[in-house]
Amino acid sequence: MDFKTALFYILSAILVIAALRVVTARNPVHAVLFLVLAFFNASGLWLLLQAEFLAIALIVVYVGAVMVLFLFVVMMLDINLERLRQGFWGNLWLGGPIAVLMVAEMVAVLSARSFGLEAMPAPAAVAGSNTKALGVAIYTDYIYPFELASVILLVALIAAIVLNLRQRRDNKQLHPAEQIAVRRQDRVRIVSMPSEKE
Amino acid sequence: MEALVLQFFQWFWNLFGLWDALWAVAQPVWPLVWVLMKIVAILVPLMLSVAYLTFWERKIIGWMQVRIGPNRVGPWGLLQPIADGMKLFFKEVLVPTGANKALFFVGPVLAIAPALAAWAVVPFFDGGALADIDAGLFYVLAMTSMGIYGVIIAGWASNSKYPFLGAMRASAQMVSYEIAMGMALVTVLMISNSLNFTDIVRAQGRGWFAEHGAGFLSWNWIPLLPMFFVYFISGVAETNRAPFDVVEGESEIVAGHMVEYSGMAFAMFFLAEYANMILVATLTSVLFLGGWLSPVGFLPDGFHWLAIKISFFLLIYLWIRATFPRYRYDQIMRLGWKVFVPLTLVWIVVIGTWMMTPFNIFK
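Residues numbered from 1 in each chain as written. Chains lettered and ligands numbered in written order. Predicted model: local features only at pLDDT ≥ 70, side-chain atom pairs only at ≥ 80, totals over all residues. Heavy atoms only, no water.

S.K.: Where do I start with the packing of aromatic side chains in this structure?
M.R.: The geometry of an aromatic ring pair is captured by the separation of the ring centres together with the interplanar angle, meaning the angle of the planes. Residues and elements named next belong to chain B. Tallied over the full model, the rule gives 25 aromatic pairs over all chains. Ring centres of phenylalanine 312 and phenylalanine 313 lie 5.3 Å apart, and the angle between their planes is 65°; this geometry places the pair in the edge-to-face category. The rings of Phe228, Phe229, Tyr231, Phe232, Phe288, Phe312, Phe313 and Tyr317 are connected pair by pair, giving a single aromatic cluster. (Phe/Tyr/Trp six-rings, centres within 6.5 Å; stacked < 30°, edge-to-face > 60°.)

The structure is reproduced here in structure tokens:
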């Protein structure tokens, strides 16, 4: 077993254990941190495939931004562990068959005989930077799917804001432009008064 | 460099006649040893700079406020950081009741590890980076975005109100400024056509001005002037330094995520903060001020130019800390989202259009 294969098994083992702990951890904050660990190991697996751009993008996007916001929300929850566990056995009749079905499908795909995965060409090693290769592919061959995906994301973004935006009447807002434009005459009035005598 | 070091070891151990026996053992692991030696060669000067940056900060702010600053320990107070380090080293690390014990200690580690890991790809002179990888710029972005976990976990695990508020503020602030920072970097990689730091610096050494002996006019800071400011100010916000230090906010939430920490655990956060400051100063120098390049044609390039540029930005860090009052929280958010992000978006379009016209100078 060469070094790369050994590294693959180590990363995969940690990934699987971390993913299991995400589901089984009692404390949601621990679960989020295990998810971060899982992302890190997935990124390591991509590095082994020489996809360094995707690997680092996974860290920047998921670990650096998405999981931080997850943590932000989870930390603010008042977590009642007993209530979280109540529905577990009640939903098992639905969840169990779905899990079995998913495992069966994964095995069917990954065992590869039925889908002919071994006949597919291995990913060609890109000469030089694969960031450039990825950029060229996205902006030439896949330009329409890429733009379409961007527009869908933008729509989702705006929709999320619109759904949550409520104009409150007692909402106080600052207008920095007006604040900067204020002159002394607007705020202070100098009044000349005769001094009072005792 | 590697051959030279090996030659030195050979000469040294041959004095005792041990070289052949030693090399037989050491040869298989030599690449590992060599990388470790390079890591030590980066981290030891970095830690020393961190120590003396704290000293320099107290001195500079002292002078700006017409005080003397630390001057008791050693000549001119020069041993002050060593004394501070000793004090922190021997202090007891207290754990609050009800704190999440494991995460309480993971917090400081997660703060300092990315701050040090990011230095792996920084080039100090031509070819002088520990790992000269293709996606260097992206790697640094990933590592700096990790630093926030230390703050959040420390704030949550302390099981205390002020640290928790600090963690809340940190997660919102750092995520916001990361976006402006990343967008500013997009323009840099557009005009240098690479994510590799060495290539980015080399691209700044080309151009009409560089050929006529005025290299500093060919650096990225002129075509990217707004991005230069956006990047450095976002860097100040990203490292939680004044005037954006609401995460610590001594007058409001005591010291934010660091309230419950003492001794070396507290020192870890400080080391991480100052290492990050030096990192931002270095990256600004490398990306916008030509790294190791000499500003004028008749002087040779070299590491000393980078050191001068880094010191300049660190001075600005301290200067603005001594000058500006702390921003209010909503003002920080406004600056990040409503000023910097639109500005970077506009400048990406400007640079992109510029590169498509016949006046493209970035080839």
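S.K.: So what exactly am I meant to see when it comes to empty space enclosed by the protein here?
M.R.: Rolling a probe over the atoms, with the probe sized like a water molecule, indicates the empty space that remains. Residue and element names in this part refer to chain B. Under the counting rule described, the total for this entry stands at two cavities of 30 Å³ or more. By volume, the largest cavity amounts to about 300 Å³. Lining the largest cavity we find 24 residues, and of these Met174, Glu238, Thr239, Glu273 and Asn276 sit closest to its centre. Looking at the lining of the largest cavity, the elements that each hand over two or more residues are α5 (101-117), α6 (136-157), α7 (161-192) and α12 (263-288). When residues of the lining of the largest cavity are assigned to their parent elements, the largest contribution, seven residues, is made by α12. A breakdown of the residues in the lining of the largest cavity according to their chemical character gives 15 nonpolar, six polar and three charged. In this model, the second largest cavity occupies a volume close to 50 Å³. (1 Å grid on protein atoms, 1.4 Å probe; cavity = no way out; pocket = protein on both sides within 12 Å on 5 of 7 lines; lining within 4 Å. Points joined across faces, edges and corners; volume = space filled by probe spheres on them. Helix = DSSP H or I, 4+ residues; strand = E, 2+ residues; numbered from the N terminus. Nonpolar A, V, L, I, M, F, W, Y, C, P; charged D, E, K, R; others polar.)

S.K.: Teacher, can you tell me more about the layout of surface pockets here?
M.R.: If you add up the space inside the largest pocket, you get close to 2,500 Å³. Contributing to the lining of the largest pocket are 45 residues, with Phe53 and Val61 of chain A together with Phe138, Met183 and Val186 of chain B lying nearest its centre. Elements supplying a minimum of two residues to the lining of the largest pocket: α3 (52-76), α6 (130-139) and α7 (143-164) of chain A together with α6 and α7 of chain B. Considered class by class, the residues forming the lining of the largest pocket number 32 nonpolar, nine polar and four charged. Quantified by volume, the second largest pocket comes out at close to 1,000 Å³. Lining the second largest pocket we find 40 residues, and of these Thr54, Leu88, Phe266, Phe270 and Tyr274 of chain B sit closest to its centre. It is α12 of chain B that provides the largest number of residues to the lining of the second largest pocket, a total of eight residues. Residue composition of the lining of the second largest pocket, grouped by class: 23 nonpolar, five polar and twelve charged.

S.K.: Looking at this structure, how should I read the pattern of salt bridges?
M.R.: All names here are of chain B. As enumerated under the stated definition, the model contains six salt bridges over all chains in all. Of the charged contacts in the structure, one is a salt bridge between arginine 321 and glutamate 57, with a shortest N-O distance of 2.5 Å. With arginine 321 in helix α13 (residues 303-323) and glutamate 57 in helix α3 (residues 30-64), this residue pair connects regions lying 264 residues apart in the sequence. For arginine 321, a relative accessible area of 36% translates into the label partly exposed. Measuring nitrogen to oxygen at the nearest pair gives 3.0 Å for the salt bridge that ties arginine 241 to glutamate 273. Of the two residues, arginine 241 sits in the loop between α10 (225-238) and α11 (250-253) while glutamate 273 sits in helix α12, which places them 32 residues apart along the sequence. In terms of burial, arginine 241 and glutamate 273 fall into one category: buried. Linked through salt bridges whose partners overlap, the residues forming this network are Glu57, Arg241, Glu273 and Arg321. (Salt bridge = Lys/Arg side-chain N within 4 Å of Asp/Glu carboxyl O. Buried < 20%, exposed > 50% of the residue type's maximum accessible area, 1.4 Å probe, protein only.)

The quantities given are spatial measurements derived from coordinates; they are silent on function.
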